[in-house]
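Summary of the model geometry
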Amino acid sequence: RKVDKEENFFGKTRISLISFYQEFLPEPHASLVGGITLGSKTMPYDFWNSLKRTGVLHVVVASGMNVSMVSGFLLSLSLFFLPRRRGLVLAVLGIWLYVLLVGFEAPIVRAGIMGGTFLEYPEKYQYFLQRKALLSSHFLLVAMHWQLLQ
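As the structure is a prediction and not an experimental result, all values here were calculated from the model.

Chain-level pLDDT for the protein is 80 on average; 83% of the residues reach the 70-or-more range. Per-element confidence in the protein is highest for helix α5 (residues 84-102), whose mean pLDDT is 89, and lowest for helix α7 (residues 123-144), whose mean pLDDT is 68.

Here it is, written out as structure tokens:
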């Protein structure tokens, strides 16, 4: 049986956060904040079309930018209290908690894999790891959803 996103802890937390935004912000502001932070696509149809028509729809989907902000915030904060190695572990855990919170969709999973990979290595090696990280994320996604290839 396929588990619905809203049935687990992360899905319920996501719905609670979106409801919080909707309670305290007017539309379309609530939809915009929900889209930017959690990748929510529940927004008024005319607002969605306006974003699409103007070419800024990509702003309201969870992506690598969100993963970078989560990991950067957690790493920066943790380095005040923890050694670098433990801070990296905390940042990678934060990335995957965010991926689960957003809904474990392909673009955010790919961003999580690449974000975790690039956190681990110093800047001088990152240029060489770009293709490797991208390919490994694609292979992992295909392995997770192999039935789509049939």
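This part takes up the packing of helix α1 (residues 9-24) against helix α2 (residues 29-38). At a closest axis distance of 8 Å, the pairing of α1 and α2 adopts a crossing angle of 150°. Classified by the angle between their axes, α1 and α2 sit roughly antiparallel to one another. Once α1 is placed against α2, the crossing between them reads as right-handed. The residues of α2 that touch α1, namely those facing R14, L17, I18, Y21 and Q22, are A30, V33, G34, T37 and L38. Among the residues making up the contact of α1 with α2, the classes are represented as 6 nonpolar, 3 polar and 1 charged.

Tracing the backbone shows S137 in helix α7. Residues S137 and V109, 28 residues apart in the sequence, show an inter-C-alpha distance of 7.9 Å. Once residues lying within four places of it in the same chain are set aside, the contact partners of S137 are R110, I113 and M114.

With 16 residues, α1 ought to run about 22 Å at 1.5 Å a step, and its terminal C-alpha atoms sit 23 Å apart, in line with that. Along α1, the positions that sit buried rather than exposed are G11, R14, I18 and Y21. Summarising the axial view, the buried residues of α1 lie within an arc of 85°, below the 170-degree limit, and thus occupy one face. Looking at α1, the residues exposed on the side facing more than 90 degrees away from the buried face are F9, K12, E23 and F24. On its buried side, α1 packs onto α2 and α5. For α1, the capping residue at the N-terminal end is N8, with a side-chain oxygen 3.2 Å from the backbone nitrogen of F10.

What follows deals with unusual backbone geometry. Cis geometry marks the peptide bond from E27 to P28, where omega comes out at 5°. Note on placement: P28 falls in the loop between α1 and α2. At F104, a position not held by glycine, the phi torsion is positive, near 55°. Within the secondary structure, F104 is located in the loop between α5 and α6 (106-120). Residue classification places F104 among the partly exposed residues on the basis of a relative accessible area of 35%.

Each value, and the rule that gives it
- Residues numbered from 1 in each chain as written.
- Predicted model: local features only at pLDDT ≥ 70, side-chain atom pairs only at ≥ 80, totals over all residues.
- Heavy atoms only, no water.
- pLDDT = per-residue confidence, 0-100.
- Helix = DSSP H or I, 4+ residues; strand = E, 2+ residues; numbered from the N terminus.
- Axes fitted to C-alpha atoms, helices over the stretch in contact; angles between N-to-C directions.
- Parallel < 35°, antiparallel > 145°, perpendicular 65-115°, else oblique.
- Left-handed = near helix turned anticlockwise from the far one by under 90°.
- Contact = heavy atoms within 4.5 Å.
- Nonpolar A, V, L, I, M, F, W, Y, C, P; charged D, E, K, R; others polar.
- Expected span 1.5 Å × (residues − 1).
- Buried < 20%, exposed > 50% of the residue type's maximum accessible area, 1.4 Å probe, protein only.
- Arc of directions from axis to C-beta.
- Polar contact = N/O pair within 3.5 Å; in protein donor to acceptor, adjacent residues only side chain to side chain.

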